[in-house]
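Notes for the structure review
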Amino acid sequence: MRPIDRGPAPLAYAGYGDAIDDLVNRLGRYCSYCERRLPANLAVEHMSPKSVNEALRLDWNNFLLGCVNCNSAKGDDDVAEGDVLWPDRHNTMRAIDYSAGGFVRVAEDLDDELNRRAKGLLNLVGLHRHVANGYPGPASRDRRWEQREEAWATAEKCRADFVVLGESEPALRLVVQAAKYCGFFSVWMTVFREFAEVKRALVEEFPGTALTCFDHAGNSIRRPHSPI
Ligand SMILES: [Zn+2]
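This report concerns the structure included in the present document. The structure presented is a predicted model; accordingly, all values stated were derived computationally and were not measured.

Now for the overall build of the protein. On a plain count of helices and strands, the protein comes out with seven helices and four strands. Put simply, the protein runs from its N terminus to its C terminus through helices and strands in the order α-β-β-α-β-β-α-α-α-α-α. The C-alpha atoms of the protein give a radius of gyration of 17 Å, which matches the 17 Å a tight globule of 228 residues would have. Oriented by its inertia axes, the alpha-carbon framework of the protein measures out at about 55 × 40 × 35 Å. A burial count over the protein gives 49% of its 228 residues as buried. Residue pairs at least 24 apart in sequence account for 65% of intrachain contacts in the protein once pairs closer than 6 positions are excluded. Carbon and sulfur atoms make up 50% of the accessible area of the protein, which amounts to about 10,700 Å² in all. Treating the 29 positive side-chain charges of the protein as one cloud and the 33 negative ones as another, the clouds have centres 2 Å apart.

With that settled, the discussion passes to the coordination of the zinc ion. Coordination of the zinc ion by the protein involves Cys31 (SG), Cys34 (SG), Cys67 (SG) and Cys70 (SG), with metal-donor separations of 2.2 to 2.3 Å. Given four donor atoms and angles of 105 to 117° at the metal, the environment of the zinc ion is assigned as tetrahedral. Overall, Cys31 belongs to the buried group, its relative accessible area being 2%. For Cys70, a relative accessible area of 0% corresponds to the buried category.

Attention shifts here to the packing of aromatic side chains. For the coordinates displayed, the defined rule picks out nine aromatic pairs. Consider the rings of Phe185 and Phe206, whose centres lie 5.3 Å apart with planes at 70°: the pair is edge-to-face. Residue Phe185 is found in helix H6 (residues 185–191), and its partner Phe206 is found in the segment after helix H7 (196–205); the two are separated by 21 residues along the sequence. Summarising the burial analysis for this pair, Phe185 and Phe206 share the class buried. Between Phe185 and Phe214, the ring centres sit 6.2 Å apart and the planes meet at 75°, which makes this aromatic pair edge-to-face. Here Phe185 is found in helix H6, whereas its partner Phe214 is found in the segment after H7, with 29 residues between them in sequence. Per residue, the accessibility class of Phe185 equals that of Phe214, and both read buried.

What follows covers the pattern of salt bridges. Taken as a whole, this structure holds 15 salt bridges when the rule is applied. Across the pair Arg57 and Glu54 runs a salt bridge whose closest N-O atoms are separated by 3.0 Å. The exposure class of Arg57 is partly exposed, given its relative accessible area of 29%. Across the salt bridge formed by Lys180 and Glu205, the nearest N and O atoms sit 3.7 Å from each other. Placement of the pair is Lys180 in helix H5 (residues 169–182) and Glu205 in helix H7, with a sequence separation of 25 residues. Lys180 gets classed as partly exposed once you look at its relative accessible area, which sits at 22%. Several salt bridges converge on common partners, so that one network encompasses Arg6, Glu81, Asp88 and Arg89.

One way to put it is that helix H4 (residues 144–164) packs onto H5 with a least axis distance of 10 Å and a crossing angle of 175°. Regarding the angle of H4 to H5, the classification is roughly antiparallel. Of H5, the residues touching H4 (which contributes Ala151, Cys158 and Phe162) are Ala171, Leu172, Val175, Ala178 and Cys182. Taken together, the residues of the contact of H4 with H5 break down into eight nonpolar, no polar and no charged.

Side chains Ile96 and Tyr98 project from strand S3 (residues 96–99) onto a buried face, and the interleaved Asp97 and Ser99 project onto a face without burial. Pairing between S3 and strand S4 (residues 103–106): four bridges, direction antiparallel. Within S4, the position partnered with Tyr98 by the bridge is Val104.

Rules used in this analysis
- Residues numbered from 1 in each chain as written.
- Predicted model: local features only at pLDDT ≥ 70, side-chain atom pairs only at ≥ 80, totals over all residues.
- Heavy atoms only, no water.
- Helix = DSSP H or I, 4+ residues; strand = E, 2+ residues; numbered from the N terminus.
- Rg over C-alpha atoms; globule rule 2.2 N^0.38 Å.
- Buried < 20%, exposed > 50% of the residue type's maximum accessible area, 1.4 Å probe, protein only.
- Contact = heavy atoms within 4.5 Å.
- Areas by Shrake-Rupley, 256 points an atom, 1.4 Å probe, with all protein chains shown as cover.
- Lys, Arg positive; Asp, Glu negative; His and termini not counted.
- Charge placed at Lys NZ, Arg CZ, Asp CG, Glu CD.
- Donors = N, O, S within 2.8 Å, 3.2 Å for Na, K, Ca; no water.
- Tetrahedral: all angles 85-135°; square planar, octahedral: opposite > 155°, others 65-115°.
- Phe/Tyr/Trp six-rings, centres within 6.5 Å; stacked < 30°, edge-to-face > 60°.
- Salt bridge = Lys/Arg side-chain N within 4 Å of Asp/Glu carboxyl O.
- Axes fitted to C-alpha atoms, helices over the stretch in contact; angles between N-to-C directions.
- Parallel < 35°, antiparallel > 145°, perpendicular 65-115°, else oblique.
- Nonpolar A, V, L, I, M, F, W, Y, C, P; charged D, E, K, R; others polar.
- Pairing = 2+ DSSP bridges.

Okay, structure coming up:
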């Protein structure tokens, strides 16, 4: 899951819905949880639900962008701070592994505490749901796994072309443009894990990616002031 930095609050809002344009400007048109690109139908998502924590209803630092599936899986359950990891506070890229076929799993090298919190995050938004794990199949309205699978296949094709094109600068620009249009930042970062210049460009070109979570080669590193 892409670690993000939404930056300081642009202004105070009379209603939380008024923050949508500022959030999209800062973070791009991507769901903060499943990373899908959605030209429309992104909503202001309250990390701590507004029904539970009224004081944070208009708090910029409680806002992410959420798609209907992530919002609906998350619901209005209150979330204890220590039970999950958050894309604006932790390097969530290190907590979750992506693999061919659209699969999402907790990263293997986490200690018990981080493993528990990474599982908490996947469960919170149902990100691990996949038809191969028994999740209701083609008739379901939750198509996140399938779109992730398609994104993986697209990224692999682009990687093959990138190599054929000699890993040139123009080819790199094409890959980045395709990735930004496709969404699923983590899928592209994983498929291009052997290509430092592509990873670095993805980190810089996806708006609002937390730059402190990556080194100069685009490798994921521990976020400052975070256990991961
Ligand atoms: Zn989503």
